[in-house]
Amino acid sequence: MYLEGFLKWLEEKKKMSRSTVQAYRQDVSDFFRYAKDVSMGDVADVTNTDIVSYLLDLKGKGKSASTVNRRLASLRTFYNYMNETGQIHGNPTIGIKSPKVEKKDIEFLTLEEMDRVLAAPGDSDKGKRDKAILELMYATGIRVNEVIGADVEDVNLRIGFFTCPGDSGKARIIPMGRPAREALEEYIYNVRKAVVEEAAERGEEQEKALFLNYYGKRMTRQGLWKILKEYEKKADIDSKLTPHLIRNSFAVHMVQNGADIKSIQELLGHEDITSTQIYLSIAKNRIKDVYDKAHPRAL
C-alpha cells in the first residue's frame, strides 16, 4: 500500500521518469524486506535507530558507500512522501549522515581537444564511418556497449533523436545536434548502404547493426577501441581516448554550459543521481576559477 502510493507520487507529483521510479522501487522494496526479516513492524512506525541498523546491515554485507548513500537518499524521499501525505509526522532519516564516498578526479577533454578528435577522421569511407561514431558518442554520451549494440533503426535523423536501449532494457531517447545528424546521414546513406549492398550480393543476411566493419558485420568492442586509438594519435591528445573519456567530456561540457544535474542523469542513464553529482565538482571549480580571474578583490 505504502509503496504503490509512493511510486504514484513520484510519477505524478515529482514528474520522475520510469527508470528513476523503478530505481526507487528497488531501493525502498529492499528496506521493506529487511524490515520484515528482522520483525521491525510497520514501516510507518520505524525510528531513526531502525534506519541506522539497516544501513549498518548493508555495510556489513559489503555494500559500497555510494550504494548505502543511494539507499539512504531513497528512504529520505520515501519518508518525505509519508510525512507530506500525513501518514506519519516527521522523518526518521533526519540527522543520519551519509557515508563519505572517496572522490575521484574526473578525466575529460577540453572543448579544443574534443574538436581535434572530431576533426581527425578523413574523407574516406572509413573516415566517414568513424566520424559518425565519434560524433554520436560525443553528442549522446553513450557507453561502449551502447555504441556497438546500436541498430540503424535506433537513429531518427528527421527528428534528431537516438534511441538507446540501455542496461536492463530501459530505453532512453537522446537528442542529437546537427553535426552528429549530418555525419550519421552521410555514413548511413552512402557508406553503410554500399557495404550492405555488397553483403547482399554475396548472399549474406542483411545486418541491422548501425556501425559495420569491413565485412558488413556488427562492429566489435575491439574494433571500436582500435578506432579510438588511431584518432588519439591523430588528434595529438595527452589522454588515452576511451569511450568513457568521451562520455565524461559530454557530461562535463553540458554542465559547464548550464545543464542541470537531473537532465544529465537522464541523458547518461544513471539510476542513482549520486553517480551524476560528481560532475558538479567540475562546474564548481570552473565558477571559482572565473571568480578568481574576474573579481578585482578575489585574491
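Everything quoted here is computed from the prediction, not taken from an experiment.

A. Looking closely at the environment of A23. Looking at where A23 falls in the secondary structure, it is placed in helix α2 (residues 18-37). For A23, a relative accessible area of 8% puts it in the buried group. Sequence separation between A23 and E204 is 181 residues, and the spatial gap between their C-alpha atoms is 42 Å.

B. Up close: the nonpolar core. By size, the foremost hydrophobic cluster in this structure holds 52 residues, and its most contacted members are L184, L210, F211 and L241. When residues of this core are traced back to their parent elements, those giving at least two are α5 (111-119), α6 (125-140), α7 (144-148), β2 (161-164), α8 (178-201), α9 (221-235), α10 (243-256) and α11 (261-268). Of all the elements, α8 adds the most residues to this core, at seven residues. Excluding residues within four positions of it along the chain, L184 makes contact with A132, L136, V155, L157, M176, L210 and F211. Counting 31 residues, the second largest nonpolar core, distinct from the first, contains Y2, Y34, A35 and I51.

C. Just the packing of α6 against α10, in detail. At a minimum axis separation of 7 Å, α6 and α10 run at an interaxial angle of 45°. Put simply, α6 runs oblique to α10. Taken together, the residues of α10 that come into contact with α6 (itself represented by L134, M137, Y138, A139 and T140) are P243, I246, S249, F250 and H253. Residues of the contact of α6 with α10, tallied by class, amount to seven nonpolar, three polar and no charged.

Rules and cut-offs
Residues numbered from 1 in each chain as written. Predicted model: local features only at pLDDT ≥ 70, side-chain atom pairs only at ≥ 80, totals over all residues. Heavy atoms only, no water. Helix = DSSP H or I, 4+ residues; strand = E, 2+ residues; numbered from the N terminus. Buried < 20%, exposed > 50% of the residue type's maximum accessible area, 1.4 Å probe, protein only. Core = buried A, V, L, I, M, F, W, Y, C linked by side-chain atoms within 4.5 Å. Contact = heavy atoms within 4.5 Å. Axes fitted to C-alpha atoms, helices over the stretch in contact; angles between N-to-C directions. Parallel < 35°, antiparallel > 145°, perpendicular 65-115°, else oblique. Nonpolar A, V, L, I, M, F, W, Y, C, P; charged D, E, K, R; others polar.

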